[in-house]
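Take a look at the letters that make up each chain.
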Amino acid sequence: MFSLSSLFRHPADRLAGAAPGWLVETVRPAPARPDWAAMARVAASVTGPLIATLAAGRLTLGMLPAMGAMAAALADRGGSYRARVIRIAGAACGGSAGYMIGHSARGLGWWTVLVAVAVSVLSALVSVSGAAGSLGGLQSLVMTVLGLGVSFPQGPVTGASAYAAGAAWAMVLSVAGWPLRPRAAEESAVAGAYRALACLLERWHNGRAEALTAFDAALKKAYDTVLGARSAALGPDRERTRLVALLNQAIRVRNALISLIEEGREPAPEIAQAVASIAGALAGEGTAGRPKRLEAVSPALRAVCAAVNDTVELLSGSEVPSGQEPVREAAGPGARIGRLWQRLRYGHLARVYTVRLALCMGVAAALSELHWVERSYWVMLTVALVLKPDFGSVFARAVQRGIGTVVGAMLGTLVLFVVPYGPGILIPLALFAALLPYGQQRNWGLMSTFQVPLVVLLVDLLTGAGPRLAEIRLVDTLIGCAIVLVFGYLPWPASWEAPVGPPFADAVAATARYLRHAFEGGPPCALLHREAFDALADLRTVFQRALTEPPVVSRRVTTWLPAMTALERVADATAATAALTEHGRDAPSPQAVSRTAASLEEIAEHVRAGRPVADQVRLTADDPLEPITEAVRGLHDTLTNRP
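All of these numbers come straight from a predicted model, not from anything done at the bench. (Residues numbered from 1 in each chain as written. Predicted model: local features only at pLDDT ≥ 70, side-chain atom pairs only at ≥ 80, totals over all residues. Heavy atoms only, no water.)

Trainee: Please give an account of empty space enclosed by the protein that cites residues and values.
Mentor: Under the defined criterion, the tally for this structure stands at two cavities of 30 Å³ or more. In this structure, the second largest cavity spans a volume of roughly 50 Å³. In this structure, the second largest cavity is lined by Asp-216, Leu-219, Lys-220, Tyr-223, His-529, Arg-530, Phe-533 and Asp-534. Looking at the lining of the second largest cavity, the elements that each hand over two or more residues are helix 10 (208-227) and helix 22 (523-546). For the lining of the second largest cavity, the per-class residue count stands at three nonpolar, one polar and four charged. (1 Å grid on protein atoms, 1.4 Å probe; cavity = no way out; pocket = protein on both sides within 12 Å on 5 of 7 lines; lining within 4 Å. Points joined across faces, edges and corners; volume = space filled by probe spheres on them. Helix = DSSP H or I, 4+ residues; strand = E, 2+ residues; numbered from the N terminus. Nonpolar A, V, L, I, M, F, W, Y, C, P; charged D, E, K, R; others polar.)

See the structure below:
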């Protein structure tokens, strides 16, 4: 049976036999199922303004609204409606401001180089403020470049308004379901966490480690979605608190299941059936059934049964226990500005990224002024899109975008040869726009494969350059990738270092904080648990991104894998021991807990400072804490022996 996944999987498999392994992993698309609703939404977002202007007899006037709609649609990456609106608004405001700056500075000669550098610095600084700032900073730089390079008929204010109108149209499509199901995203995320929990039980004997990692990732996503949605209630929001309580219960079930491993037991089939019914009930596929009461012959069994039974009761409408809403950081304007200042002041990577982006944009802008290549503003566009650290590896994106651009330029050329200028061009535009979110799910190169012909067709509406436009696009993009690699990647020492150390130290420190309070119970303990496992999830993301770097870097990264596995054992041992203690096992002494946590903090300090870990680890003998101390010793030994 044909599928989009198989269409792109088979070429990657053939490449595996003809290219180095690291290069194959760099360009291999990630597995993903097509999101047909998102694909239809993006196609409608991009083509809607074009259809409207075509009906008015001025198809070219739809170019800027279509670009605004494309940027806004790609900024919608799921989550709560509030989070989606903020990201889309960030992209719309950044793009509109960028267009005004670029159009106003067009034709100023070498002064445009200074404009490009100044906007790139501002874009980099804004990007550290969060997801909305990152998208807004990127779009401000992209539209500044387009304003400098393309002769749009609209003036600065009119063009910016047209761009914002297209983004507003895309936002309307994104939030169209809000009046019917305002909590749809949060409920879906919670259901996804329980589906991952059910999958863990299904794969208990085969693939348990991978399923556990998948559950932790789904739990992190669910917490981010639920806590990222602002309540519309004037007082306490009972529905939001209920969803948080369900996620807290998922943690209890997870930790209780890990405690079964500690006792050498397996989950009973009734437990697996109950968790599967809970996941189905949350997804609207039935009601949750309570598991048959098992004989409480051990603390682990009592922990599992209590966690599952409490979840079923909560799902059936029982009162939510008090104190379920986790404590959040202060979110007022002053607190946000303070955190942003801390990132700028102490964020070495943010400062390095700012310098790298400004340098590469300056080189690209200078090349544009030399007029050595046609439409060389596309060189600056490539630099802006590739040199984006929160999108992943710079090297991988440069390679992926180069390959994607080659394929996309061929597709664009073919379309411009076959489809005459006029209404018929809307069909391939809609097709490429629909494929954008699918490419975004897979990897940067596949998204470029669909984005390149889409942008080529949009620009051709204004310029009428025909098939040669795709050839120019290809050459300029490859030049931009080369600038990024030569000026923004190769000369910088940070490009050749394994970037795992700092996030590893953060994860160790978060695990130590969790251990200090793991046996106290209550909401603070749940929050510290979530922070520790979130830090581990972030560490895995950094690790996976680093593996796409060239072998000289990725080989160093792989040396961290045993230490990451050992740290996960420490976190799991802590969670399991806390669950066992809650249900009858002797509690460890506070002195032993404090000493073990201090050992983890010492390890974190040495790793963060780049110093070798001490030769010996001093831990207090304490029988209830033995699984944790053994895991800490294993972590220490692994780091001591790491090359």
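Trainee: Tell me about the packing of helix 5 (residues 81-105) against helix 8 (residues 156-174), and name the residues and values.
Mentor: Running from N to C, helix 5 and helix 8 cross one another at 165°; their axes reach a closest spacing of 8 Å. Of the possible angle classes, the one that applies to helix 5 and helix 8 is roughly antiparallel. Crossing hand, helix 5 versus helix 8: right-handed. Tallied by class, the residues present in the contact of helix 5 with helix 8 amount to 15 nonpolar, six polar and one charged. (Axes fitted to C-alpha atoms, helices over the stretch in contact; angles between N-to-C directions. Parallel < 35°, antiparallel > 145°, perpendicular 65-115°, else oblique. Left-handed = near helix turned anticlockwise from the far one by under 90°.)

Trainee: Mind laying out the side chain of Thr-354, listing which residues take part and the relevant values?
Mentor: The topology assignment puts Thr-354 in helix 15 (residues 348-370). If near-sequence neighbours (up to four positions away) are discounted, Thr-354 is found in contact with Val-121, Ala-124 and Leu-125. (Contact = heavy atoms within 4.5 Å.)

Trainee: I'd like a description of helix 3 (residues 36-55), backed by residues and values.
Mentor: With 20 residues, helix 3 ought to run about 28 Å at 1.5 Å a step, and its terminal C-alpha atoms sit 27 Å apart, in line with that. Every buried residue belonging to helix 3 is among Ala-38, Met-39, Arg-41, Val-42, Ala-43, Ser-45, Val-46, Thr-47, Pro-49, Leu-50 and Thr-53, and all of these are buried. Gly-57 lies just past helix 3 and shows a positive phi near 80°. (Expected span 1.5 Å × (residues − 1). Buried < 20%, exposed > 50% of the residue type's maximum accessible area, 1.4 Å probe, protein only.)

Trainee: Any chance you could break down the nonpolar core for me, citing the residues and the numbers?
Mentor: Membership of the largest hydrophobic core comes to 73 residues, with the highest contact counts inside it found for Leu-146 and Leu-454. Among the elements that take part in this core, helix 19 (residues 444-463) stands out by supplying 11 residues, more than any other. Discounting chain neighbours no more than four positions away, the residues touching Leu-146 are Met-67, Phe-152, Tyr-377 and Leu-381. Leu-212, Leu-243, Ala-268 and Leu-314 belong to the second largest nonpolar core, which has 53 residues in total. (Core = buried A, V, L, I, M, F, W, Y, C linked by side-chain atoms within 4.5 Å.)

Trainee: Before we move on, could you go through the packing of aromatic side chains and cite the residues and values that matter?
Mentor: A complete count under the given rule lists two aromatic pairs for this structure. A centroid spacing of 5.1 Å and a plane angle of 50° characterise the contact between Phe-504 and Trp-560, whose relative ring orientation is tilted. You can see Phe-504 sitting in helix 21 (residues 501-517) and its partner Trp-560 sitting in the loop between helix 23 (551-558) and helix 24 (561-582), a full 56 residues away along the chain. Owing to a relative accessible area of 8%, Trp-560 belongs among the buried residues under this scheme. The ring of Trp-204 carries Arg-208 above its face, with NZ or CZ at 4.8 Å from the centroid. Note that Arg-530 overlies the ring of Tyr-223, its terminal NZ or CZ placed 4.8 Å from the centroid. (Phe/Tyr/Trp six-rings, centres within 6.5 Å; stacked < 30°, edge-to-face > 60°. Lys NZ or Arg CZ within 6 Å of the ring centre and 35° of its normal.)

Trainee: Could you give me a rundown of helix 18 (residues 426-442), with the residues and numbers involved?
Mentor: Along its 17 residues, helix 18 runs 25 Å from first to last C-alpha, staying within 8% of the 24 Å computed at 1.5 Å per residue. The axis of helix 18 is deflected most strongly, by about 35°, at Leu-436, and proline Pro-437 appears within four residues downstream. By the criterion of burial, helix 18 is predominantly enclosed, with 12 of the 17 residues buried. (Bend = angle between axes of the 7 residues up to and from the residue.)

Trainee: Just give me the short version of the side chain of Thr-511, but keep the residues and values in it.
Mentor: Checked against the element boundaries, Thr-511 lands in helix 21. Here Thr-511 falls in the buried class, since its relative accessible area comes to 0%. One polar contact links the side chain of Thr-511 to the main-chain carbonyl oxygen of Ala-507, over a distance of 2.8 Å. Setting aside anything within four residues of it in sequence, one finds Thr-511 in contact with Ala-532, Leu-567, Val-570, Ala-571 and Leu-600. (Polar contact = N/O pair within 3.5 Å; in protein donor to acceptor, adjacent residues only side chain to side chain.)

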